[in-house]
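Structural overview for review
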Amino acid sequence: MAGYVLATLALAVWVYLMTARGGYWLAGERDDRHEPGPPAASSPWPRVTAVIPARDEAETIGTTIRSLLGQAYPGRFDIVLVDDESRDGTAAAARAAAAAVGAADRLTVLTGRPLPAGWTGKLWAVHQGVAQATSAVPAPDFLLLTDADITYGTNSLAPLVARAAAGGHVLTSLMVKLRCESLAERIFVPAFVYFFQMLYPFGWVNRRDHPLGAAAGGCMLVRPQALADAGGIAAIRGALIDDCTLGALLKKKGPVWLGLTERVTSARPYEHIEDIRRMVARSAYAQLGYSPLMLAGCILGMALTWLAAPGLAFAGHGLAQALGAATFALMIISYQPILRLYRRSPLWGLALPLIALAYMAFTLDSAYQHARGRGGLWKGRVQAQVDAQVGRTVDDSPAVDRQVEAKAAEPK
């Protein structure tokens, strides 16, 4: 009887996921579908400035800069790079890359100021970059918030801007295609994107009448006025999951759009399982609001969703086994679209319960690292405490904003 009840619950979960969760598993929200045309001939292309926070990114920043400066974009496009106390020559590598393509005048390298209390390192760098970019005359029509390890295909920016302009979006974001070469990446990267879509169904995000807002931090095209009206980057200054926090904030100001892409890729390698573990553990507990109760509920829910059906399919009896097998089949089917996107064998669907089990372990480790005082560890900075306590630092922002505005007004 217990097995039958468990099998029924698991089946109900999967019927809901596949029929009423925004069609997340279909991976249908993509930038190469339903592409809008360019602006009317009488309308100039919007001015765009990319803002790149970079901390010890000398290995990848050159490729990123060259790919951005090589865009086939008809409008004005500039870059502001914020060197966040790098020790590996990041700024020099960026300047060399811009000079190599004859576009040094379109790159501004800003030396980041020391990290103040109440901010995560990345958002403090982005905040400075936004202040610098929006101080230009004329100011940009869009800000492209991107990372130092992202590579843009030559025809990436123009369709992104056209989509934002045609849809009146305050935020247009692409889930960049992650590297999927090492064994660890082949196991965990497609699942990471799959789980992200499950948490934030892109179809819901893109509906104007749905409250869910989200974004993918590697590529976010933002209207500066909407960002300013929402309180600027300072409004999310302590967030570890900064992209989705920004997406939720800007959804209150207007429509947002989030989709998959193959035009924009990440060069960040995750060669070993340990690299994946650190990546997930950095923010998983933050996703749960640092709540032990939420953590317990999450683990129980994941066990029901991912482990119950395959367990019953292989070890159950009678009707419970049949229901478990049917539910396991739904699970495998749901994984196929993202496997196709990453050009992986359909047989990886059989491993999804074990992959989910590993992600459960990474989530528990995230809580453990937070308890050790090492939550949100990234390039020598422990940032989870900032995220957990950011409400206590609200009064820091006015002084911080004045510092950034003063820096932006300095002669280049």
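Figured I'd write up the structure that's included with this text. (Residues numbered from 1 in each chain as written. Predicted model: local features only at pLDDT ≥ 70, side-chain atom pairs only at ≥ 80, totals over all residues. Heavy atoms only, no water.)

**Focus: the packing of aromatic side chains**
Enumeration over the complete set of coordinates arrives at 16 aromatic pairs. Ring geometry for Phe 195 versus Tyr 359: centroids 5.2 Å apart, planes at 85°, classification edge-to-face. Placement of Phe 195 in helix 6 (residues 183-199) and of Tyr 359 in helix 14 (residues 352-371) is noted, with a sequence separation of 164 residues between them. Ring geometry for Phe 196 versus Phe 202: centroids 6.0 Å apart, planes at 75°, classification edge-to-face. Members of the aromatic cluster, joined through ring pairs, are Trp 14, Tyr 24, Phe 188, Tyr 194, Phe 195, Trp 306, Tyr 335, Tyr 359 and Phe 362. In this arrangement the basic side chain of Arg 163 is found over the ring face of Trp 257, its NZ or CZ atom lying 4.2 Å from the centre. Taking the ring centre of Tyr 342 as reference, the NZ or CZ of Lys 177 above it sits at 5.5 Å. (Phe/Tyr/Trp six-rings, centres within 6.5 Å; stacked < 30°, edge-to-face > 60°. Helix = DSSP H or I, 4+ residues; strand = E, 2+ residues; numbered from the N terminus. Lys NZ or Arg CZ within 6 Å of the ring centre and 35° of its normal.)

**Examining the environment of Asp 242**
Checked against the element boundaries, Asp 242 lands in helix 9 (residues 242-251). It is 37 Å that separates the C-alpha atoms of Asp 242 and Thr 8, two residues lying 234 residues apart in sequence. Apart from residues lying up to four places away in sequence, Asp 242 is in contact with Lys 122, Leu 123 and Ile 236. (Contact = heavy atoms within 4.5 Å.)

**Details of the nonpolar core**
With 122 residues, the main nonpolar core has Ile 65, Leu 144, Tyr 194, Trp 306 and Tyr 359 as its most contacted residues. Here this core takes 10 residues from helix 6, the largest share from any one element. With residues near it in sequence (within four places) discarded, Ile 65 still touches Ile 52, Ile 79, Leu 81, Ala 94, Ala 97, Ala 98 and Leu 107. (Core = buried A, V, L, I, M, F, W, Y, C linked by side-chain atoms within 4.5 Å. Buried < 20%, exposed > 50% of the residue type's maximum accessible area, 1.4 Å probe, protein only.)

**Some words on the state of the cysteines**
For the coordinates displayed, the defined rule picks out 0 disulfides. For the unlinked cysteine Cys 219, the closest cysteine sulfur is that of Cys 244, found at 14 Å. Cys 219 sits in the buried class, given a relative accessible area of 0%. Just so you know, Cys 298 is unpaired, no disulfide at all, and the nearest cysteine sulfur is the one on Cys 244, 15 Å from it. Of the residues examined, Cys 298 reaches a relative accessible area of 22% and is grouped as partly exposed. (Disulfide = S-S within 2.5 Å.)

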